[in-house]
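# A structural walkthrough
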Amino acid sequence: MTAEQAQARIQELTREINYHNHLYYQEDKTEISDFDFDKLLEELIRLESEFPQFLLPDSPSQRVGGTITKEFETAQHEYRMLSLGNTYSEEELLAFDERVAKGLEHRNYEYFCEMKFDGVAISLVYENGRLVRAVTRGDGTKGDVVTENIKTIRNIPLHISGENIPEKFEVRGEIFLPRKEFDKINAEREANGEALLANPRNAASGTVKMQDSSIVAKRRLNCYFYQLLGDDIGVSTHQEAIKLIENWGFNVSQTYAKCRTIKEVLAYIDYWREKRFELPLDTDGVVLKLNDYDQREELGFTAKIPRWAIAYKYKAESAESRLLSITYQVGRTGAITPVANLSPVHLAGTTVKRASLHNANEILRLDLHEGDAVLVEKGGEIIPKITAVVEASRPPAAKPIQYIDHCPECGTALERKEGEAKHFCPNTKSCPPQVLGKIEHFLHKRAMDIDSLGTERIRTLIDQGYIKDPSDLYDLQSKADELLGLEMSQDQYQKSDDGILYISLTKALFALTEQIALSAISKFLEQNTDLPLEDVLVQFQSFIRKINKKTAQNIGSVQRLIDSLKATNFPKMEEYIPVPVVLHQLIGNYVDLDKIAKASLQENTVHRIMLKLNLPISGELEDRIKKLKANTFQEGVISNMMEGIKSSKEQPFEKVLFALGIRNIGENTAQILARHFKSLENLKNANGEQLLEVNGVGDTLVTSIFEYFADEDNLRMIEKLKSHGLNFEILEEEKALQSNVLEDMKILASGKLNNFKRDEIIDIVEANGGQYVKSVSKALTFIIEGEDMGPSKKEKAEKLGVKLISEEEFMQMISKNQK
Ligand SMILES: NC(=O)c1ccc[n+]([C@@H]2O[C@H](COP(=O)([O-])OP(=O)(O)OC[C@H]3O[C@@H](n4cnc5c(N)ncnc54)[C@H](O)[C@@H]3O)[C@@H](O)[C@H]2O)c1
Ligand SMILES: [Zn+2]
């Protein structure tokens, strides 16, 4: 490489690394894996050492990747917060050990090994036993002061007491979001139709930098500590320091070990390679540090990293699997996402059976064929991905994957807009997942606020024809009797891309055998989750032999299932069995497979298929089929549901308007429009000019409003909602609560208020013409100071010269203009 080429490449790498650093540290996003990022950095460091003339002082190889933000106060670190050198290879670890030995001129040293926790670094400063400051790493020299947020983490001690506590000291550790919490948050977000958090690290980092500590408190962050700093601590090894902070009550992960040689370090690394997946958080490697502080001092630092420590990072594991089939999921907005069903393979502590394929382009890029052997990798993401196809293992005559052209949920021809990667189902009115999206929006807490109808129940009501649009909810009241015992369609069923109904293996085995409890079957399957379907079934036969219940009969029944799965041509899905195959085994005397298969194309539950087939069955067979059915609607649930539906009729007009889901009408816009026009009738009759007069209404919104009211179906639905008594105009008492006293004001409330709940204060500010703002900035007109307003927020407000007023003063302001 010529010097010129090197310089160009160095510039290019610098740009790229800075870009990814910015995404990673400022926006909590990633576009490439850590491994790929580390490779870029490694290449840069190599080139800079070969061509030192091009090494710039602000090169990303010389600096810690993060920086400070504008939202927080900044504080100088007393001791710089550095990065760590890292490697993915054992040879480099040995080379590191050689450098240490050479630097110290002997081999008389020990390492202290810890897991490398994948979270956000934090520094806590204590004075006289009290936590005075929590600061992020920032650019390594100074960081953001996030004390209020950190104080919400339960196991961070705010005071420590005891003997010999130094007057001033600093502990450092890693804030993280436990996997379980992360999964819980994402499950909730999914149920609410919100975007999922990408991984626990990003989520933790985003949470630490939130402006509102009450939201941080809800996130259940946790922290592990691994460093103690200070002038007169009285310890001379890392091990002693760790013991000390443990005694003071800091949370230290019990995963550390002292190692006397690099060989012991390698054994530690090996031990944790798989075991680390049992820890409550993500880890991406091991940090080894010299134990002795004097020896550390001898070796010192480079600009960015200590010479006495290094991180060994585990490579993202990859495994080979086989593509069984592709399921196409239809989202609430009609977007299609293909998901690969794979033969189960053990990867990074879990069994992987599915991988995301994103869109049609990804399938093309991989050149995916039916039955292909594929490499799956699990990085920081939740869902594993297919990284490549092993072409050499492609089955002969395998056909390339044909992307679907019709919606698997409703059969409508799919569309793909120019420049967009995803296909869409344009049937917004009756495609079940899209109807689901609309209904969920309608029910949402901030819309009609009906909460006893979970996703699964709504989905069932849609699938079974009870609900086509939100107005149908109000008809349910007269159908309560019918709903009792209705089968829920979600969990245990799946549909193949050509619309065949599948049922969970657990349920299928339950119905096809006798005298074996459902729980015993679930437990058996959980323990055999690694095996491909056919092997599971063979194992299940041995299981039957072992428990010895109706042995001959049950084994025969499972054998028949194995045989018919082989004989029929249904696409394979791990853990699910085509309903026609199961039903055929049960009712084959009455009706042939083709007929059952056809019936299962249009129906979503066993119950419905049986109704449709209309066969004269009874007694034992009927009981067997009952074993296939899902959970049903129970009385308590139904009465709650009816209660919720009834009380939703009290929701004010602005909520109803928001609930309608007119494109581009969010919560705020709904409020503004409701207040301006006072009734839906007025809004509907408004012309373009009148609409544009309203503050915040632009051409796009005008078009959406016109489009909405031009649609006969929408008008019919509104009439129906009206007839059920929903509010389509502003009520008198609402009018009384409104004024323009807060016009042009930007307002924030902080701390606990006595007269309002959190969301209520937002409504009140807006009802009086003001704008509610979520963070402290110069632009604020004033802050309503509640009880226990955080001192740092207060300090910041004072620094920026923002006025603070009491809750009482605020009450007076808004009551002046009200009759
Ligand atoms: N994918 C991307 O786009 C992208 C972009 C930037 C950075 N990154 C990744 O982020 C990391 C950046 O490096 P970095 O500068 O934050 O250094 P680093 O994460 O490699 O090492 C230093 C950090 O490790 C953490 N740590 C965890 N456990 C520790 C322990 N037991 N002892 C000491 N420290 C511990 C500390 O927070 C410390 O600040 C790399 O892993 C890199 O791959 C990825
Ligand atoms: Zn559709």
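What counts, and where the lines are drawn
Starting from 1, residues in each chain are numbered consecutively following that chain's sequence as written. To label them, take the chains in the order written and letter them from A, then take the ligands in the order written and number them from 1. Predicted model: local features are reported for residues with pLDDT of at least 70 only, side-chain atom pairs are reported and counted for 80 or more only, and whole-chain, interface and lining totals are derived from all residues. Numbering of helices and strands runs from the N terminus, with a helix taken as a DSSP run of H or I at least four residues long and a strand as a DSSP run of E at least two residues long. For every residue, the other C-beta atoms within 10 Å of its own C-beta are counted; 20 or more classify it as buried, 12 or fewer as exposed, and values in between as partly exposed. C-beta atoms are placed from the backbone. Each residue is represented by a C-beta atom placed from its backbone, and any two residues with such atoms within 7 Å are regarded as in contact. Two strands qualify as a pair provided DSSP detects at least 2 bridges between them. The criterion for a residue being near a molecule or strand is a backbone-placed C-beta atom within 6 Å of that molecule or strand. Side-chain classes follow a simple rule in which Ala, Val, Leu, Ile, Met, Phe, Trp, Tyr, Cys and Pro form the nonpolar group, Asp, Glu, Lys and Arg form the charged group, and the remainder, Gly included, forms the polar group. One fewer than the residue count of a helix, multiplied by 1.5 Å, yields its expected span. Taken from the helix axis, the directions to the C-beta atoms give the arc we talk about. Structural elements are reduced to axes, namely lines fitted to C-alpha atoms, with helices fitted over the stretch in contact, and the angle between N-to-C directions of any two is expressed from 0 to 180 degrees. UniProt positions are given in the numbering used here, feature names are shortened, and annotations may be inferred rather than shown by experiment. By definition in this entry, angles of less than 35 degrees are roughly parallel, angles greater than 145 are roughly antiparallel, angles of 65 to 115 are roughly perpendicular, and the rest are oblique. Throughout, a crossing is termed right-handed when the near helix is turned clockwise from the far one, and left-handed when it is turned anticlockwise from it by less than a right angle. Residues of type Ala, Val, Leu, Ile, Met, Phe, Trp, Tyr and Cys that are buried and joined through C-beta atoms within 7 Å form what is called a nonpolar core. Crossovers are marked right-handed if the path from the first strand over the helix to the second runs clockwise, as seen with the strands pointing away from the viewer. Predictor confidence is given residue by residue as pLDDT, running from a minimum of 0 to a maximum of 100.

Scanning the chain from terminus to terminus reveals 33 helices and 23 strands. Taking all 819 residues of the chain together, 32% fall into the buried category. Looking at the chain alone, contacts between residues at least 24 apart form 69% of all its contacts between residues at least 6 apart.

As a further point, take the environment of Ile-521. Here Ile-521 is to be found in helix H16 (residues 518-527). Looking at Ile-521, the number of C-beta atoms within 10 Å reads 19, which means it is partly exposed. Once the C-alpha coordinates of Ile-521 and Phe-540 are considered, the two residues, 19 residues apart in sequence, prove to be 8.8 Å apart. Beyond its immediate chain neighbours, meaning those up to four positions away, Ile-521 contacts Thr-506, Leu-509, Phe-510 and Ile-516.

It is worth spelling out the sheet that holds strand S23 (residues 803-806) at this point. With parallel pairing, four strands are arranged side by side in an open sheet as S21-S20-S22-S23. Of all the strands in the sheet, just strand S21 (771-772) and S23 have a single pairing partner and so form its edges. Note: strand S20 (residues 746-750) against strand S22 (residues 782-785), four bridges, orientation parallel. Along S22, the bridge assignment pairs Ile-747 with Phe-782.

In the vicinity of ligand 1 lie 24 residues, with Tyr-24, Asp-34, Ser-83, Glu-114 and Ala-121 positioned nearest. For the shell around ligand 1, the elements supplying multiple residues, two or more each, are helix H1 (3-26), helix H2 (34-50) and strand S3 (111-117). Looking at side-chain class alone, the shell around ligand 1 contains 11 nonpolar, seven polar and six charged residues.

The terminal C-alpha atoms of H2 lie 24 Å apart, and with 17 residues this matches the ideal 24 Å at 1.5 Å per residue to within 8%. Within the sequence span of H2, burial applies to Asp-34, Leu-44, Leu-47 and Glu-48. Buried residues in H2, looked at end-on, bunch into an arc of 160 degrees, giving them a common side. More than 90 degrees from the buried face of H2, the exposed residues found are Arg-46, Ser-49 and Glu-50.

Before going further, it helps to examine the sheet that holds strand S5 (residues 130-136). Strand order in the open sheet formed by four strands is S5-S4-S7-S8, with antiparallel pairing between adjacent strands. In the strand order of this sheet, the two ends are held by S5 and strand S8 (222-229), each with one partner. With strand direction ignored, the average angle separating the axes of adjacent strands in the sheet is 30 degrees. Note that strand S4 (residues 120-127) and S5 share six bridges and pair antiparallel. Within the sheet, the bridge partner assigned to Glu-127 lies in S5 and is Arg-130. Against the sheet, helix H6 (residues 200-208) touches S4, S5 and strand S7 (168-176), its axis set at about 130 degrees to S7.

As a further point, take the environment of Pro-400. For Pro-400, the location among the structural elements is in the loop between strand S16 (385-389) and helix H12 (432-443). Spatially, the C-alpha atom of Pro-400 lies 9.4 Å from that of Asp-372, the residues being 28 residues apart in sequence.

In the numbering used here, UniProt assigns the feature "binding site: NAD(+)" (unreviewed entry) to Asp-34, Phe-35, Asp-36, Phe-37, Asp-38, Ser-83, Leu-84, Glu-114, Arg-137, Glu-174, Lys-289 and Lys-313. Looking at the secondary structure, you find Asp-34 in helix H2. Owing to 20 C-beta atoms within 10 Å, Asp-34 belongs among the buried residues under this scheme. Inspection of the secondary structure puts Lys-289 in strand S10 (residues 283-290). The residues contacting Lys-289, other than those within four sequence positions of it, are Tyr-111, Phe-112, His-238, Trp-308 and Ala-309.

Taken N-terminus to C-terminus, the directions of H12 and helix H13 (residues 455-463) make an angle of 130 degrees; their axes are 10 Å apart at the nearest point. One finds that H12 runs oblique with respect to H13. You can see that H12 and H13 cross each other, and the crossing is right-handed. In contact with Pro-432, Val-435, Leu-436, Ile-439 and Glu-440 of H12, H13 contributes Thr-455, Ile-458, Arg-459, Ile-462 and Asp-463. Tallied by class, residues from the contact of H12 with H13 come to six nonpolar, one polar and three charged.

Here the focus is the UniProt feature "active site" (unreviewed entry) in the chain. Taking the numbering used here, the UniProt-annotated feature "active site" (unreviewed entry) corresponds to Lys-116. Mapped onto the elements of the fold, Lys-116 is located in strand S3. Setting aside chain neighbours within four positions, we find Lys-116 in contact with Thr-283, Asp-284, Gly-285, Val-286, Val-287 and Ala-311.

Counting 88 residues, the largest nonpolar core has Tyr-502, Ile-503, Ala-508, Ile-577, Val-579, Val-582 and Leu-657 as its most contacted members. Top contributing element to this core by residue count: helix H15 (residues 505-512), with six residues. Counting residues in each nonpolar core, the second largest holds 57 residues, with Ala-241, Tyr-268, Trp-308 and Ala-311 among its members.

Three or more residues of helix H20 (residues 593-602) are buried, namely Ile-596, Ala-599 and Ser-600. Along the long axis of H20, the arc covered by the buried residues comes to 100 degrees, so they all point the same way. In H20, the exposed positions angled more than 90 degrees off the buried face are occupied by Asp-594 and Gln-602. Tucked inside the fold, the buried residues of H20 contact strand S18 (501-504), helix H19 (579-587) and helix H21 (606-613).

Glancing now at the pairing of S23. Both faces of the sheet carry side chains from a regular strand, because those side chains alternate between them. Pairing of S22 with S23, which is carried by four bridges, proceeds in the parallel orientation. Within the sheet, the bridge partner assigned to Phe-782 lies in S23 and is Lys-803. Taken together, S22, helix H32 (residues 791-800) and S23 form a β-α-β motif whose crossover is right-handed.

The residue His-358 is not glycine, and still its phi comes out positive at about 65 degrees. Relative to the assigned elements, His-358 resides in the loop between strand S14 (350-356) and helix H11 (360-366). Within the chain, Asp-449 stands out as a residue other than glycine whose phi angle is a positive 55 degrees. Within the secondary structure, Asp-449 is located in the loop between H12 and H13.

Turning next to the confidence of the model for the chain. Keep in mind that low pLDDT regions are not for reading the predicted coordinates in detail. Considering every residue of the chain, the mean pLDDT works out to 89; 97% of them sit at 70 or more. Two numbers describe this predicted complex: its pTM, 0.62, and its ipTM, 0.94.

When you line up the elements, Phe-658 lands in helix H24 (residues 653-659). A residue is classified by how many C-beta atoms lie within 10 Å of it, and Phe-658, with 25 of them, is buried. Put simply, Phe-658 and His-441 are 217 residues apart on the chain and 8.8 Å apart in space, counted from C-alpha to C-alpha. Those residues in contact with Phe-658 that sit more than four places away from it in its chain are Ala-447, Ile-665, Glu-667 and Ala-670.

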